[in-house]
Amino acid sequence: MTATRTYLDCNASAPLRPAARAAMLAAHDAIGNPSSVHAEGRRARAIIDTAREQVAALIGAKPSEVVFASGATEANNCVMAAGWEAICVSAIEHDSVLAPARACGARLIELPAGAGGIVDLPAVADALAHAAASGARTLLSVMLANNETGVIQPVAQAAELARMHGVPLHVDAVQGPGRLPVNFAELGADALVVSAHKLGGPRGVGALIVRDGVNLPALIRGGGQERRRRCGTENVAGIAGFGAAAAEVARETGVAARIEVLRDRLEAGVTAATPGAVIIGGNAPRIGNTSCIAVPGKSAETLVIRMDLEGVAISAGAACSSGKVGANSVLEAMGLPIDITHSAVRVSLGPETSEDDIAAFLAAWEKVAGGAALAA
Ligand code: PMP
């Protein structure tokens, strides 16, 4: 293992921003329960209120629409568990949407995404028309940008279709903030989900954004926190770190564009070193930090392990299943052939990624997957 590491797995978890760390340390020193009426409690409450404003401002929501939770997984579960009779869901959603949607007893209509990685809008229209005609209490769920391919989904058009059929829309926007502008008010969604650790906040905290006037039952009950929409004493430090990270992202200009240039340079280097490599979703609109690369004939698992040994952290498939490298369900849902799904790795950059990181990646890639490696 080399001493210097190159971390290119920001879609799994981005490094903690120093501002978030500082806010968390300060919050840890603010004692008291935020629901207590004494000065200590009010001080802890004020920390949460500030963070609520910071998160709301980043994504164009009202502070009253922000419900803090233990992460995007919980927030997605909360939406899926709201008693739907039918759920129309894109087949490329994260497992924290698909698994509860499959388990909640609603009729599930999985909407295909073609090989380009974009959910099929005519299929969305069809599914909504059928569900609405049946009179079933229906939800539509379409993510903002896919975590594996980075492909941006046609959420505005999906919102328009949902509105036509009187169906509420849920958007998993976890990979959005910091990578593309997110505006809850303009998007036309009823519920939207974000996660702190994808934007440089801490792990284990996220938010469910619920449009004012929309009534979603709480998943976690018992206590009046978050206006009864998510009970339990709040993770004050985590929320403070989330807020500080959100405030920093909101202030940043030009970062996403700089990262996209680096990502494109990385892909050009990969294609030169590995002429058979396929950039999945490469022709679709993508967030600029993500690259999903398949090298037919190679195993994704081996590529990830060998890159790790060279000091470079990348991933294959979502990292959420106990560190296992398993089948890539997103790519399978796109109908891609097995030599692609089994050989695809994801490289995801963050605001701290430098030209040196790209050079380190390409040097390692040349060794692991380049012409000499293939001949060996
Ligand atoms: N949705 C998407 C699109 C994600 O990428 C992730 C994280 N891998 C999640 C949901 C789950 O987020 P959290 O880690 O906050 O539970």
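In this report, the structure presented in the accompanying data block is examined. No experiment lies behind these values; they were computed from the predicted model shown.

What counts, and where the lines are drawn
Residues numbered from 1 in each chain as written. Predicted model: local features only at pLDDT ≥ 70, side-chain atom pairs only at ≥ 80, totals over all residues. Heavy atoms only, no water. Core = buried A, V, L, I, M, F, W, Y, C linked by side-chain atoms within 4.5 Å. Buried < 20%, exposed > 50% of the residue type's maximum accessible area, 1.4 Å probe, protein only. Helix = DSSP H or I, 4+ residues; strand = E, 2+ residues; numbered from the N terminus. Contact = heavy atoms within 4.5 Å. Near = heavy atom within 4 Å. Polar contact = N/O pair within 3.5 Å; in protein donor to acceptor, adjacent residues only side chain to side chain. Areas by Shrake-Rupley, 256 points an atom, 1.4 Å probe, with all protein chains shown as cover. Nonpolar A, V, L, I, M, F, W, Y, C, P; charged D, E, K, R; others polar.

Considerations on the nonpolar core
Piece 1. In terms of nonpolar packing, the biggest core is built from 57 residues, with Ile59, Phe68, Leu140, Val171, Leu192 and Phe242 touching the most fellow members.
Piece 2. Considering every element that reaches this core, the biggest residue donor is helix 8 (residues 236-251), with eight residues.
Piece 3. Look past the residues within four positions of Leu192 in its chain and what remains in contact with it is Ile59, Val171, Ala173, Val182, Phe184, Leu187, Ala207, Leu208 and Ile209.
Piece 4. Counting 25 residues, the second largest nonpolar core, distinct from the first, contains Val295, Leu349, Ala364 and Val368.

Side note on the site of the ligand
Piece 1. Thr73, Asp172, Ser195, His197 and Lys198 are the nearest of the 15 residues found near the ligand.
Piece 2. Take Thr73: an N or O atom from its side chain is 2.6 Å from an oxygen atom of the ligand.
Piece 3. In this structure, Ser195 approaches the ligand through a side-chain N or O atom, which is 2.7 Å from an oxygen atom.
Piece 4. When isolated, the ligand has an accessible area of 400 Å², and the protein chains bury 90% of it.
Piece 5. In terms of residue count, the dominant contributor to the shell around the ligand is helix 3 (residues 72-80) (three residues).
Piece 6. Classifying every residue of the shell around the ligand by side-chain character gives four nonpolar, nine polar and two charged.

Remarks on unusual backbone geometry
Piece 1. Even without glycine at this site, Glu226 takes up a positive phi of about 50°.
Piece 2. Tracing the chain through its elements places Glu226 in the loop between strand 8 (206-210) and helix 8.
Piece 3. Positive phi, close to 70°, is recorded for Arg228, a residue that is not glycine.
Piece 4. Within the fold, Arg228 resides in the loop between strand 8 and helix 8.

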